[in-house]
Amino acid sequence: LPVPTHVVVVARTAPLYGFAAALSALMSAPLYAAYFSATPSGPAEVATALALSVLAPLAPAAVATLASLALTSVAVRFRHAGAVQLALSALGYLSPEEFERANWPEDDRRLKAA
């Protein structure tokens, strides 16, 4: 690539985190407004709430980035890396749903009866 790898990584993860931070701030603003109007609070509490609403998306974004890195590092070892990456992505997407179904089989029976 004509640009350093860290520039590519930042260019791809910055919009992901920026959107998550904006969504977090948008969703938490009414909650904090209601909370701060009902309880006495000072500037320290408001600053903490603002910092938390911006920093809250860091953990899920880090997990998503690490999962993507792991998936890509496994996929590139195969001859048809694109197909392997697609298959692993689908497996990662479907696994939590299948795990949930396996733990609550009575929910499936109710859905089938309806």
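Model, not experiment: these values are computed from the prediction. (Residues numbered from 1 in each chain as written. Predicted model: local features only at pLDDT ≥ 70, side-chain atom pairs only at ≥ 80, totals over all residues. Heavy atoms only, no water.)

Novice: Explain the overall build of the protein chain to me, please; I cannot follow it from the model alone.
Specialist: A count of helices and strands for the protein chain gives five helices and zero strands. Mapped in sequence order, the helices and strands of the protein chain form the string α-α-α-α-α. Expressed as a percentage of the 114 residues in the protein chain, the buried residues total 9%. Contacts spanning at least 24 positions in sequence make up 47% of the contacts within the protein chain whose residues lie at least 6 apart. In the form shown here, the protein chain has an accessible surface area of approximately 9,100 Å², with 73% of it arising from carbon and sulfur atoms. (Helix = DSSP H or I, 4+ residues; strand = E, 2+ residues; numbered from the N terminus. Buried < 20%, exposed > 50% of the residue type's maximum accessible area, 1.4 Å probe, protein only. Contact = heavy atoms within 4.5 Å. Areas by Shrake-Rupley, 256 points an atom, 1.4 Å probe, with all protein chains shown as cover.)

Novice: What am I meant to see in helix 1 (residues 5–38) here?
Specialist: Because each turn of an α-helix spans 3.6 residues, side chains separated by three or four positions in sequence point in the same direction. Taking 1.5 Å per residue as the helical rise, helix 1 with its 34 residues ought to reach 50 Å, and the 48 Å between its terminal C-alpha atoms agrees with that figure. At Ser28, helix 1 is bent by approximately 35°, the largest bend along its length, and proline Pro30 sits one to four residues beyond. Those residues of helix 1 that are buried lie in contact with helix 2 (43–55). (Expected span 1.5 Å × (residues − 1). Bend = angle between axes of the 7 residues up to and from the residue.)

Novice: Even after reading the chapter, I still don't get the confidence of the model for the protein chain, so can you show me in this structure?
Specialist: In low-pLDDT regions, the fine details of the predicted coordinates are not to be read closely. Looking at the protein chain as a whole, its pLDDT mean stands at 79, while 79% of the residues score no less than 70. The lowest-confidence element of the protein chain is helix 5 (residues 105–113), averaging 56 in pLDDT; the highest-confidence one is helix 2, averaging 91. (pLDDT = per-residue confidence, 0-100.)

Novice: Hey, could you run me through the packing of aromatic side chains in this one?
Specialist: Each aromatic ring pair is described using two quantities: the centre-to-centre distance and the angle formed by the ring planes. The tally for this structure, following the rule as stated, stands at two aromatic pairs. Relative to Phe36, the ring of Tyr32 lies with its centre 5.9 Å away and its plane at 20°, an arrangement referred to as stacked. Of this pair, Tyr32 and Phe36 both sit in helix 1, four residues apart, roughly one helical turn. Both rings, one in Tyr35 and one in Phe36, keep their centres 5.4 Å apart while their planes meet at 65°; by these two values the pair is edge-to-face. With relative accessibility at 48%, the residue Tyr35 sits in the partly exposed group. Clustering of aromatic rings is evident, with ring pairs tying together Tyr32, Tyr35 and Phe36. (Phe/Tyr/Trp six-rings, centres within 6.5 Å; stacked < 30°, edge-to-face > 60°.)

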